[in-house]
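Examination of the molecular architecture
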Amino acid sequence: MKIGKYKERITIQTPCVKVDKYARHTNGWEDHFACYSHVMTYEVAEDGESVVRFTDSVIFECRYCPEIAGLESNTCRIVFRGLVYDVQAIDRMNFNRSTIRFKAQTKGEKVDG
């Protein structure tokens, strides 16, 4: 494992219930864990010089740690460079406890706040 390739900072968020000063409950997101990751894009189809199909899918590869080992794909999202990414799948890399990959797709919205 090359430690130098993990140079992009991401924040993993989990859902939470927030209560305002009027005791109203709203659903929101809170920061669960921040770490450095290796970011990879894929699924770009080219035809000659032009791009035919492009999907906003990204793979975030992180070093294994207990804080992210128990996460599920439907209960977290990733904030990267101010954009929100919905996690579609989590690859635990055969449970080898060295890396975890998050396959995510951008929602096209910026982080709240």
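Scroll up to find the structure.
Below is a summary of the structure that appears in this document. (Residues numbered from 1 in each chain as written. Predicted model: local features only at pLDDT ≥ 70, side-chain atom pairs only at ≥ 80, totals over all residues. Heavy atoms only, no water.)

**Digging into the state of the cysteines**
Under the counting rule described, the total for this entry stands at zero disulfides. Here C65 is not disulfide-linked; the sulfur of C35 is the nearest cysteine sulfur, at 6.2 Å. Given a relative accessible area of 13%, C65 falls into the buried group. (Disulfide = S-S within 2.5 Å. Buried < 20%, exposed > 50% of the residue type's maximum accessible area, 1.4 Å probe, protein only.)

**Focus: the environment of W29**
In this structure, W29 sits in strand β2 (residues 25–41). Judged by relative accessible area, W29 falls into the partly exposed class, the value being 31%. As for W29 and V17, which are separated by 12 residues in sequence, their C-alpha atoms are 7.9 Å apart. Those residues within four positions of W29 in sequence are excluded, and the remaining contacts are Q13, T14, P15, C16, K18, C76 and R77. (Helix = DSSP H or I, 4+ residues; strand = E, 2+ residues; numbered from the N terminus. Contact = heavy atoms within 4.5 Å.)

**Some thoughts on the packing of aromatic side chains**
Tallied over the full model, the rule gives three aromatic pairs. Note on F60 and Y85: the rings are 5.5 Å apart at their centroids and 75° apart in plane angle, and the pair reads as edge-to-face. Of this pair, F60 sits in strand β5 (residues 57–63) while Y85 is found in strand β7 (residues 83–91), placing the two residues 25 residues apart along the sequence. The interplanar angle of 50° and the centroid separation of 6.3 Å between the aromatic rings of F80 and Y85 together place this pair among those described as tilted. Relative accessible area serves as the criterion here: at 9%, F80 is assigned to the buried category. Assessed through its relative accessible area of 9%, Y85 is described here as buried. Grouped by ring-pair contacts, the aromatic residues F60, F80 and Y85 constitute a single cluster. We note R9 situated over the ring of Y36; from NZ or CZ to the ring centre the distance is 4.7 Å. (Phe/Tyr/Trp six-rings, centres within 6.5 Å; stacked < 30°, edge-to-face > 60°. Lys NZ or Arg CZ within 6 Å of the ring centre and 35° of its normal.)

Function cannot be read off these values alone, since they describe shape.
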